[in-house]
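# Understanding the architecture of this molecule
Chain by chain, the residues run as shown.
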Amino acid sequence: MNLDKHAPPYGSSVLSVELLCGLLNSLEEGIILLDSEGRVLHWNVWMVNASGISQPQSAGRNLVEIFPELATTRVPGAVEWALKRNLPSFLSPSLNPSPFPLGRKDQFIDQSIRITPLVLGSGEIFCMVHIMDVSAMVEKDRILRQRARQLRELSRIDPMTGVANRRRFQEHFETEVRRHRRNDAKLSLIILDVDFFKLYNDTYGHRSGDDCLVRVSTAIGFALHRAGDLLARVGGEEFAVLLPDTDEEGATTLAEQIRAAIEAEAIPHIASTVARVVTASLGVVTAVVGERLDYNDLYTAADISLYEAKSAGRNTWRNVVLGM
Amino acid sequence: MTSHSFTELELDALMEIFNVGFGYAADSLSKMVNDQVTLSVPGIRIVNQEEADREFQQSAAINFCGVIQRFEGDFQANAVLMFPGDKSLELVRLMVGEMVALEDMNDLEQEALTEVGNILLNSCVSAMADAVGGHFRSSMPEFISGYWCSIYPNYRAEADQILLLNIDFKLERREIHGYLMFIMQLKSIEHFKTAIMKYMNRFS
């Protein structure tokens, strides 16, 4: 804005302190002016309302004195950058969750903050902290993400059996590894193949094959009791179960329960050479969650155990323990 | 004007200065995300416009996202941090820790990237100011996105050269490659070069 264009009579002379304060107070945003030592010279009415701290109460104190919770945020560093180095800073709401305790006590407003140096012609330096309430934007984002999550949940379910699909399973694995990588938690994985499933399909037809897989997945599901355990259909007749916080003993006990549960479903399978009913072979792996635990390594180990279970005559489990 | 106006030794000195800045930036970013963020620079060079065009227009379909700040003072520069394709999204999402990603970069994510760029660019400029002396003022960081050919013309200066750094962010076992560049006028780059030489002479 070029004020000179309209001068006189409108020029900088018309900008009295009263008018400037009126201008700041009419803003629907927080403005804090700091002196070269970082002490509050002025904050506007928006700040008074949002913080419950009056202008006289704030004047002459630095921000951390007024809001001790700022000490662990980027705000003091950014003020120093402005005053000592003449550099502006931008603090985004997602990387800085509500640095200023403003608004309701149970839910502070989300803030987008600009901290800028102001240098007068005389060389005198000030710092302006500009706080915008972006709670509405953050809320809108939260709703959008929630919808996206719901949609994604739907796209992560195996439509036939209703259990998780391979994609969801892998994501769950990554989440569990991230959650536990700093402690020595053990994690186990069971993979399971329905024995002679191709022969089952050939004998009873594909529709019966589908029904068989649904019953098998239901049987496995009943054997799982903890909220964190995840069952997924990862291939045609292949299922996988991820067991967070589960050691070798827990995993093999569960593998045996699953094996027995599938056999107990008593789904006739006359073409099977193992039993008269549908059975499954299981490969189990247990590992310590650490920085290096890789999905593919774990899966490959479970796959080898599964192969061993099949070689041992099927309708059984074999297990391996990784790097312990 | 060739594009090789800095000697190896001068580029080494620059690298040393930038490493101080990156150290500071990595520290701030690590604290913010409560996880180890490391920054490394596999390459530094000076390129002219044609070389930059060649580098960034190789694939005309690559969309860049980034942050720009205009620095003025003893020398002028448009400082840009930018990432190809969806790397900027990946970086922001790793930092914010949001598992559910929306298709496009939304306002909140743009702001987060702007802040990351702001921290990095301010850190580098502070390190430069400490090393070579001088004072700078800077514009607020601004989010930019688009093809190279649409971004660059807005920030190019007459007869300019670009101090171009490849930069790798490492966090959560992921590595994200981006570019940091200082687009400078010839006159500024000469001032800059003189300042670097002074800096080097302090140690010789």
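The paragraphs below set out a description of the structure included in this document. All figures in this text were calculated on a predicted structure; none of them were measured in a lab.

Let's shift gears to the pattern of salt bridges. Pairs can form between side chains of opposite charge once their charged atoms are near each other. In the structure shown here, the tally under the stated rule is 25 salt bridges over all chains. Between A:Asp229 and A:Arg226 there is a salt bridge; the shortest N-O distance is 2.7 Å. Here A:Asp229 falls in the buried class, since its relative accessible area comes to 11%. The partly exposed category is assigned to A:Arg226, whose relative accessible area is 39%. Measuring nitrogen to oxygen at the nearest pair gives 3.0 Å for the salt bridge that ties B:Glu10 to B:Lys193. In this pair, B:Glu10 is assigned in helix H1 (residues 8–33) and B:Lys193 in helix H6 (residues 186–201), connecting sequence segments 183 residues apart. Classification of B:Lys193 as partly exposed rests on a relative accessible area of 22%. Taken together, the shared-partner salt bridges connect A:Asp141, A:Arg145, B:Arg93 and B:Glu109 into one network.

Let us now look at H1(B). Here H1(B) is 26 residues long and its end C-alpha atoms lie 36 Å apart, about the 38 Å a rise of 1.5 Å per residue gives. Looking at the residues trailing H1(B), positive phi occurs at B:Asn34, about 60 degrees.

Below, the discussion takes up the sheet that holds strand S1 (residues 30–34) of chain A. Backbone-to-backbone hydrogen bonds join strands into a sheet, with any given pair of strands oriented parallel or antiparallel. All names here are of chain A. On the basis of which strands lie adjacent, the open sheet formed by 5 strands has the order S2-S1-S5-S4-S3 and antiparallel pairing. One side of each edge strand has no neighbouring strand; the edge strands of this open sheet are strand S2 (40–43) and strand S3 (89–91). Each strand axis lies, on average, 15 degrees off the axis of its neighbour in the sheet, ignoring direction. Of the strand pairs in this sheet, S1 and S2 are connected by 3 bridges, and their pairing is antiparallel. Following the sheet pairing, Ile32 is matched in S2 by Trp43.

What follows deals with the side chain of A:Arg233. Residue and element names in this part refer to chain A. Tracing the backbone shows Arg233 in strand S8 (residues 230–233). Within the structure, the side chain of Arg233 is placed 3.2 Å from the side chain of Asp158, a separation counted as a polar contact. Non-local contacts of Arg233, meaning those with residues more than four positions away in its chain, are made with Asp158, Met160, Thr161, Val163, Ala164, Asn165, Arg166, Leu213, Glu238 and Phe239.

A few words on the packing of aromatic side chains. A complete count under the given rule lists 16 aromatic pairs over all chains for this structure. With 5.8 Å between their ring centres and 50 degrees between their planes, A:Trp81 and B:Tyr24 make a pair best called tilted. Pair noted here: A:Trp81 is in helix H5 (residues 75–85) and B:Tyr24 is in helix H1, and the two residues belong to different chains. Since its relative accessible area comes to 47%, B:Tyr24 is described here as partly exposed. Plain terms: the ring middles of B:Phe56 and B:Trp148 are 4.6 Å apart, the flat faces sit at 45 degrees to each other, and that makes the pair tilted. Separated by 92 residues along the polypeptide, B:Phe56 in helix H2 (residues 49–57) and B:Trp148 in helix H5 (residues 148–155) bring together distant segments of the chain. A relative accessible area of 3% places B:Trp148 in the buried class. Cluster of aromatic residues (ring-pair linked, three or more members): B:Phe56, B:Phe64, B:Trp148, B:Tyr152 and B:Tyr179. One Lys or Arg, A:Arg314, reaches over the ring of A:Phe196 and ends 4.2 Å from the middle of that ring. The ring centre of B:Phe6 lies 5.4 Å from the NZ or CZ of B:Lys193, which sits over that ring.

What follows covers the sheet that holds strand S7 (residues 186–194) of chain A. Residues and elements named next belong to chain A. The strand order across the open sheet formed by 6 strands is S6-S8-S9-S7-S10-S11, and the pairing between neighbours is mixed. A single partner strand is all that each edge strand has here, and the edge strands are strand S6 (164–165) and strand S11 (317–322). Packed onto the sheet, helix H9 (residues 206–223) meets S7, S8 and strand S9 (238–244) and runs at close to 15 degrees relative to S9. Contacts from helix H10 (residues 248–264) reach S7, S9, strand S10 (280–288) and S11, with the element oriented near 165 degrees to S10.

Thresholds, definitions, all that
- Residues numbered from 1 in each chain as written.
- Chains lettered and ligands numbered in written order.
- Predicted model: local features only at pLDDT ≥ 70, side-chain atom pairs only at ≥ 80, totals over all residues.
- Heavy atoms only, no water.
- Salt bridge = Lys/Arg side-chain N within 4 Å of Asp/Glu carboxyl O.
- Buried < 20%, exposed > 50% of the residue type's maximum accessible area, 1.4 Å probe, protein only.
- Helix = DSSP H or I, 4+ residues; strand = E, 2+ residues; numbered from the N terminus.
- Expected span 1.5 Å × (residues − 1).
- Pairing = 2+ DSSP bridges.
- Axes fitted to C-alpha atoms, helices over the stretch in contact; angles between N-to-C directions.
- Polar contact = N/O pair within 3.5 Å; in protein donor to acceptor, adjacent residues only side chain to side chain.
- Contact = heavy atoms within 4.5 Å.
- Phe/Tyr/Trp six-rings, centres within 6.5 Å; stacked < 30°, edge-to-face > 60°.
- Lys NZ or Arg CZ within 6 Å of the ring centre and 35° of its normal.

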